[in-house]
Amino acid sequence: MVHILVGFFVFITGLGLLRGGESLGINYGQVANNLPPPDKVLDLLQALKLTKARIYDSNPEVLSAFANSNIELIVTVENEMLASLTDPQQALQWVSTRIRPYFPATRITGIAVGNEVFTGEDNTLVASLVPAMVSIHAALVRLGLDQYVQVSTPNSLAVLAQSYPPSAGCFSSELNGIMPQLLQFLQSTNAPFWINAYPYFAYKDDPNRIPLDYVLFNPNSGMIDPYTKLHYDNMLYAQVDAVIFAIARLGFSGLEVRVSETGWPSKGDTDEIGATLENAASYNRNLMRRQFENEGTPLRPNMRLEIYVFALFNEDMKPGPTSERNYGLFQPDGTMAYNVGLLALSSASSASSTASSSASVSLTSSAPKVKLVGYQSFLYSTVLYLLALQILLRRQS
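Bear in mind that the values here come from a model prediction, so they are computed numbers and not experimental data. (Residues numbered from 1 in each chain as written. Predicted model: local features only at pLDDT ≥ 70, side-chain atom pairs only at ≥ 80, totals over all residues. Heavy atoms only, no water.)

The contact between helix 5 (residues 88–98) and helix 6 (residues 123–142) brings their axes to 8 Å, and the two run at 60°. Regarding the angle of helix 5 to helix 6, the classification is oblique. Crossing hand, helix 5 versus helix 6: right-handed. Across the interface between the two elements, P88, Q89, A91, L92 and V95 of helix 5 pack against S135, I136, A139, L140 and R142 of helix 6. Class assignment for the residues of the contact of helix 5 with helix 6 results in 7 nonpolar, 2 polar and 1 charged. (Axes fitted to C-alpha atoms, helices over the stretch in contact; angles between N-to-C directions. Helix = DSSP H or I, 4+ residues; strand = E, 2+ residues; numbered from the N terminus. Parallel < 35°, antiparallel > 145°, perpendicular 65-115°, else oblique. Left-handed = near helix turned anticlockwise from the far one by under 90°. Contact = heavy atoms within 4.5 Å. Nonpolar A, V, L, I, M, F, W, Y, C, P; charged D, E, K, R; others polar.)

In structure tokens:
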């Protein structure tokens, strides 16, 4: 009965109109020594008609290169900086130098404070996370940027003690003290809960029990949650709904959950079962197709799920198993690691787009800059006007 009541309440809070704008983003990692310069990366993103990206630092070269483009950008505070940024003055200095000089020309929409802090082994980082988020948000408020830039933190799926069935989702008991603090901050600032979710890992660890088609979004019989009776035909949506249930159990049912990372490696070591070119192409192709079809999860079918695919490029300097260096949709020279069909999908989603069957996008030639038009342009212009007015009024007061 508890599962049903929680599920009903979460379902009701998820009803509503589909969120406007694109909800497919890409993670632009840079742990490599052979990547193209940021301006060529921007050309690639615009050629693919992607409008959202996330970087793992606040690289000024990227922020400058992405100025006056249509790309919404999430920047990251590295884990090693969290302790110092618990100090409000240090946080103000960071925002004043890393965010304010580039905004609004560069459309910074989010700050990821740390990455997977709760599932690391550094207790100091865990203790610093929420205070650092509070300080950074306070700095944004002081500079008049809090209306435009959300503050959150990406979490590993390992924050859950249980994720199956989705209605049984709950957080690890080790997080009982800190997780409500994070959720309270997100609720008070109207920010989303970010989760890094990789069905690949579940399949790799138990390939005999987990159907490959279920994790790849291929046609399959799926599973039915015995408590909510909701049907799941893929694992990613089940993982997201498990997070929504876990959040609801702590009394924060209204929070939006977004997938800050998901992907599939195209190559792996001999013990990395499932890490193949074919599986990577299937996972990302099927995932992106659903994104362009405005899908939500079974628990929140009318709320389009925002997802950031990992990753744009293969990164040759990442440590760990072979798979870590082979999550990219593209090789650093701009050729596709495999044809995920993104060009065709993005073209099909817009009547004004021209379909392309090219197997690669050149990074040596300049792709045309996409201009904002219609309603999107109006909204962005309005934001710029209001920000300028706000700054002017602050100076006069």
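So that's the structure; there's more coming.
Another aspect to go through is the packing of aromatic side chains. Using the criterion set out here, one finds 15 aromatic pairs in the structure. Residues F103 and Y148 carry aromatic rings whose centres are separated by 5.6 Å and whose planes lie at 35° to one another, so their mutual orientation is tilted. Separated by 45 residues along the polypeptide, F103 in the loop between helix 5 and strand 4 (107–113) and Y148 in the loop between helix 6 and strand 5 (150–152) bring together distant segments of the chain. Both residues of the pair, F103 and Y148, count as buried. Ring centres 6.5 Å apart and planes at 80° place the aromatic pair Y198 and F310 in the edge-to-face group. With Y198 in the loop between strand 9 (193–196) and helix 8 (199–205) and F310 in strand 13 (residues 307–310), the pair connects residues that are 112 residues apart, well separated along the chain. The exposure classification of Y198 matches that of F310, with both residues buried. Pairwise contacts between aromatic rings join Y56, Y198, Y200, F201, Y203, F217, Y237, W264, Y283, F310 and Y327 into one cluster. (Phe/Tyr/Trp six-rings, centres within 6.5 Å; stacked < 30°, edge-to-face > 60°. Buried < 20%, exposed > 50% of the residue type's maximum accessible area, 1.4 Å probe, protein only.)

With that settled, consider the confidence of the model for the chain. Per-chain confidence: the chain averages 86 in pLDDT, with 81% of residues scoring 70 or above. Within the model, pLDDT remains below 50 along residues 8–21, and this stretch shows 28 contacts once partners closer than five positions in the same chain are excluded. For the stretch residues 351–385, pLDDT sits under 50, and the model shows 49 contacts to residues farther than four places along the chain or on other chains. (pLDDT = per-residue confidence, 0-100.)

Within the open sheet, the 9 strands sit side by side as 5-4-3-2-1-13-12-9-6. Their pairing is parallel. Every other strand in the sheet has two partners, leaving strand 5 and strand 6 (154–156) as the edge strands with one partner each. Between one strand axis and the next, the sheet turns by 25° as a mean value, whatever way the strands run. Alignment of strand 1 (residues 24–27) against strand 2 (residues 52–54), held across 2 bridges, turns out to be parallel. Bridge pairing in strand 2 links I26 to A53. (Pairing = 2+ DSSP bridges.)

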